[in-house]
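Reading the structure
Residue strings, one per chain:
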Amino acid sequence: MVAEQVQSELPNLADMPLRELGTSADPVLRAGVQRLLRRIDRRDERIGTTKQRG
Amino acid sequence: MAPDQTDRAARLGFHTLPGTTFDAIAAGTESQADISTLAAGEISHRLAVLRAVLDRTRHLGGGPLAPVEAAWALLTRADESDSRATRTVIRHPHAGTWATRLLSRLQGQLHDDVPLWADVGYLHTLAAAAAARAGLAFELAVPTRRGTLIVPTVGSMRIPGTDIWDAVTLSSDGTPGLGGLTVSRAGQPPRPAEWRPPARLRAAFADREVSLVLDDTDPFRRYDVLALPERIGDQAVARWERALSESLTLLTRHHPRISAGLADVVSMIVPLPPAERFRSRSASSGDAFGAVIASFPDDPVDLALTLVHELQHAKLGAILHLVDLSRVDTGLYYAPWRDDPRPLPGLLQGIYAFFGVARFWRRQREVAAGGHAARAHFEFALWREQVDRTVAAIGSSPALTDLGHRFLAGVAVGVSGLLAEPVPASCGELAAMAAADHRATWRAAHLRVDSAAADQLAARWLGSDPPGDLAAASEVTISPRVPAPELDVRAALIRYRLSDRAAFQELGRLEDLTSALAGAHPADLSLVAGRPEEAERQYLAVLGRPLAAPSAWTGLGHALAARGERVASRALLTRPELVSAVAHAVAGRRGQPPPPVALAAWVGSGLATRPKRPGEWAEPPVAEGGRLATRPKRPGEWAEPPVAEGGRLPTRPKRPGEWAEPPVAEGGRLPELG
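Keep in mind that what you see is a predicted model, and the values were worked out from it rather than measured.

Along its length, chain A carries two helices and one strand. Start at the N end of chain A and walk to the C end: the helices and strands fall as β-α-α. Here chain A holds 54 residues, and 48% of them are scored as buried. Carbon and sulfur atoms make up 52% of the accessible area of chain A, which totals about 2,800 Å².

Below, the structure written as structure tokens:
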């Protein structure tokens, strides 16, 4: 029986050399970068604060 | 260097996360291997962020620096020479904060006065750091900020005579580390370099030695502001090292489960000065995996708690890099650990962090003695309750994704185990009182009643009519008060009273109580000390003045509850925003404020005392588009517990739908403690 896997939207770059990271047009990498930029776009600046925990 | 256009086919895969790992992290039963899975994802995330930075900066001019391509080429050379050393630099927590801020800036989300070339140039310092660590010979212009050159993970140095934003040339003869580095300015001979390496804190944790960086230098070490270097000195470093050592010993001995993975996650502490007692500040960011901002702790327990709290944030931050737990949502929500209304992502973070906090106190109450044990029981009872209620409040939110629902279900399973544990009655009652107090004062501070409805009620009051149907006045909107008032004052006083009676009594002798506890009033001290009649008089004096603090209304509610004034206290502890809005409207019509107790009793007489149907109760904590809903959409959805008779907020259902446990002890006074 295959264990259930939660599929993420983060490309697995752990073993990618930086030279390849800088040039690759791999669609998985591009999709991951686009997701990241979308998340930055909708980032809620109300979250970050050092005034109080939580 | 153009992207390789021939490499179109997908060879990369996405990260996967075993379902068992996801569920274990949610429920707090994760293993070391589960933490490692998260940490692996963080490397990919950081690399994706760097690629995004490269895509958006490679066309930019470098100002006095070399083009971005030159810095990237050096970073690539370092990677090919010593990948491990380069990854150490790439994983530097503040590199993530820098990159995300820069991307926000380039996307127009963030304004920054720093020249763009200097901002982009942090990449140059990362490249120089990697090259220095890898032992490469190189020469590269790098930015300085306000007379300081910072080479992340390597060190920093003062460079007098530079402009606010300037550039120097950093070169290395290939000797690894700081030894081979030389700094020069244009047209000047190389300067002898007086490097200051990052301070390190060494301590034992579990079965290993850990070495954490104490970062007082990096401009991106604070997430909300760019920071100047604040060198804290050798003695302060030594104090931090002692505090860390003692707290890690505590975690190793007594909290091995909840602190598992700490050494693999936390690599850096960013120090802040001591905060007020029982108000330690700390923060972490998903952008800066591994860094914890923390004020100097009250004691080892305080720092251990901080580390547990921030470890929770780090784990959830790593999960959120892999999957989405919520959708775009504009609402603001009640968070029982915060002074301010929170957006959903922040609320999720708080739930998970305080789930860890509750688990910490569960164990700590078995370890602590005397007043410290009483406080541990209080904290355990308080936070398990607050997490449980908050999970229940948003558990069916449509703004959560399927995985978001699954994650919260896992937390709920973990919390259910905590709820089953007994707590001494006196501590449980204090926790219930603190929870009710926070919630009520939050309402008084941040909820606004429709002004027409308040005015209508004012007219009825002035006409000596009964309040009638309060339905229109039940429509409330969240209008965050800025700055938010401190909502933890009475909880902090309870902490003093429980764990340090001498210090609690000392507070009463202070000329200015707020010098020790911002936002506190002598009435709060009277209330927590068990003198409700005195507290009532003091709160009434406050309410007789214009612009009274919201906490005065709810404090009065507690004082009235203590002497059995049920109807008025019910209004003040469940609808304080309504009482204060009507008082304001009456003052506007008549020129002077109404008597607070009589007005509260009058409003209270209009509040229902029992639910019409099971599950149909008002005051849901979840806003939709910034508005609080007032009725469950479906039976049981958004439902809040009914208000118990006697003006006391219930704290926990004995069975689903059945709420009990008033927050104020029988006899009308706060429980006595041994």
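So that's the structure; there's more coming.
All names here are of chain B. Here Trp602 is to be found in helix H23 (residues 596–605). Trp602 gets classed as buried once you look at its relative accessible area, which sits at 12%. Put simply, Trp602 and Leu348 are 254 residues apart on the chain and 38 Å apart in space, counted from C-alpha to C-alpha. With sequence-adjacent residues up to four places away left out, Trp602 is seen in contact with Leu457, Arg460, Trp461, Asp465, Pro466, Pro467 and Val582.

Moving on, we get to the packing of aromatic side chains. Residues and elements named next belong to chain B. The final tally for this structure, using the stated rule, is twelve aromatic pairs over all chains. Here a set of aromatic residues connected by ring pairs shows up, and it is made of Phe22, Tyr352, Phe355 and Phe407. The ring of Phe355 has Arg359 sitting right over it, with the charged end atom 5.5 Å from the ring centre.

All right, on to the interface of chain B and chain A then. Of the residues lining the interface, 80 residues belong to chain B; the matching set on chain A comes to 48 residues. Three residues stand out in chain B for area buried against chain A, namely B:Leu12, B:Phe14 and B:Arg51, and they jointly supply 13% of the buried area on that side. Taken together, the links from chain B to chain A amount to five salt bridges. The partner of B:Asp324 in a salt bridge is A:Arg35, with the nearest N and O atoms 3.4 Å apart. Looking at the side of chain B that touches chain A, the element that brings in the most residues is helix H2 (residues 32–57) of chain B, giving twelve residues. Across the side of chain B that touches chain A, the residue classes break down as 33 nonpolar, 25 polar and 22 charged. Pairing of strand E1 (residues 5–11) of chain A with strand E1 (residues 14–18) of chain B involves four bridges; the strand directions are antiparallel. Bridging across to E1(B), A:Gln5 finds its partner in B:Pro18.

Now for the packing of helix H3 (residues 68–81) of chain B against helix H7 (residues 122–134) of chain B. Residue and element names in this part refer to chain B. Between H3 and H7, the least distance of the axes is 8 Å, while the angle of their chain directions is 25 degrees. The angle between H3 and H7 falls in the class roughly parallel. Judged by the twist between their axes, the crossing of H3 over H7 is left-handed. Residues Val68, Ala71, Leu74, Leu75, Ala78 and Ser81 of H3 lie in contact with H7, whose contacting residues are Leu123, His124, Leu126, Ala127, Ala128, Ala130, Ala131 and Ala134. Of the residues that constitute the contact of H3 with H7, the class distribution is twelve nonpolar, two polar and no charged.

Throughout the structure, instances matching the rule amount to 36 salt bridges over all chains. In this structure, B:Arg338 engages B:Asp340 in a salt bridge whose closest nitrogen and oxygen atoms are separated by 2.9 Å. For B:Arg338, a relative accessible area of 3% translates into the label buried. Across the salt bridge formed by B:Asp340 and B:Arg342, the nearest N and O atoms sit 4.0 Å from each other. B:Arg342 gets classed as buried once you look at its relative accessible area, which sits at 2%. Several salt bridges share partner residues, and in doing so they unite A:Glu9, A:Arg35, A:Arg39 and B:Asp324 into one network.

For the rest of this paragraph, the subject is the confidence of the model for chain B. Residues and elements named next belong to chain B. Per-residue pLDDT for chain B averages 88, and the proportion of residues at 70 or more is 89%. Across residues 610–674, where pLDDT falls below 50, the model places 160 contacts with residues more than four positions away in sequence or in other chains. Under the prediction, the complex receives an ipTM of 0.93, its pTM being 0.89.

Another point: the packing of helix H21 (residues 566–574) of chain B against H23(B). Residues and elements named next belong to chain B. At a closest axis distance of 7 Å, the pairing of H21 and H23 adopts a crossing angle of 85 degrees. Put simply, H21 runs roughly perpendicular to H23. Counted together, Val567, Ala568, Arg570, Ala571 and Leu572 of H21 and Val597, Ala600, Ala601, Val603, Gly604 and Ser605 of H23 form the full contact between these two elements. A breakdown of the residues in the contact of H21 with H23 according to their chemical character gives eight nonpolar, two polar and one charged.

Conventions used here
Residues numbered from 1 in each chain as written. Chains lettered and ligands numbered in written order. Predicted model: local features only at pLDDT ≥ 70, side-chain atom pairs only at ≥ 80, totals over all residues. Heavy atoms only, no water. Helix = DSSP H or I, 4+ residues; strand = E, 2+ residues; numbered from the N terminus. Buried < 20%, exposed > 50% of the residue type's maximum accessible area, 1.4 Å probe, protein only. Areas by Shrake-Rupley, 256 points an atom, 1.4 Å probe, with all protein chains shown as cover. Contact = heavy atoms within 4.5 Å. Phe/Tyr/Trp six-rings, centres within 6.5 Å; stacked < 30°, edge-to-face > 60°. Lys NZ or Arg CZ within 6 Å of the ring centre and 35° of its normal. Buried area = accessible area lost by both parts, 1.4 Å probe. Salt bridge = Lys/Arg side-chain N within 4 Å of Asp/Glu carboxyl O. Nonpolar A, V, L, I, M, F, W, Y, C, P; charged D, E, K, R; others polar. Pairing = 2+ DSSP bridges. Axes fitted to C-alpha atoms, helices over the stretch in contact; angles between N-to-C directions. Parallel < 35°, antiparallel > 145°, perpendicular 65-115°, else oblique. Left-handed = near helix turned anticlockwise from the far one by under 90°. pLDDT = per-residue confidence, 0-100.

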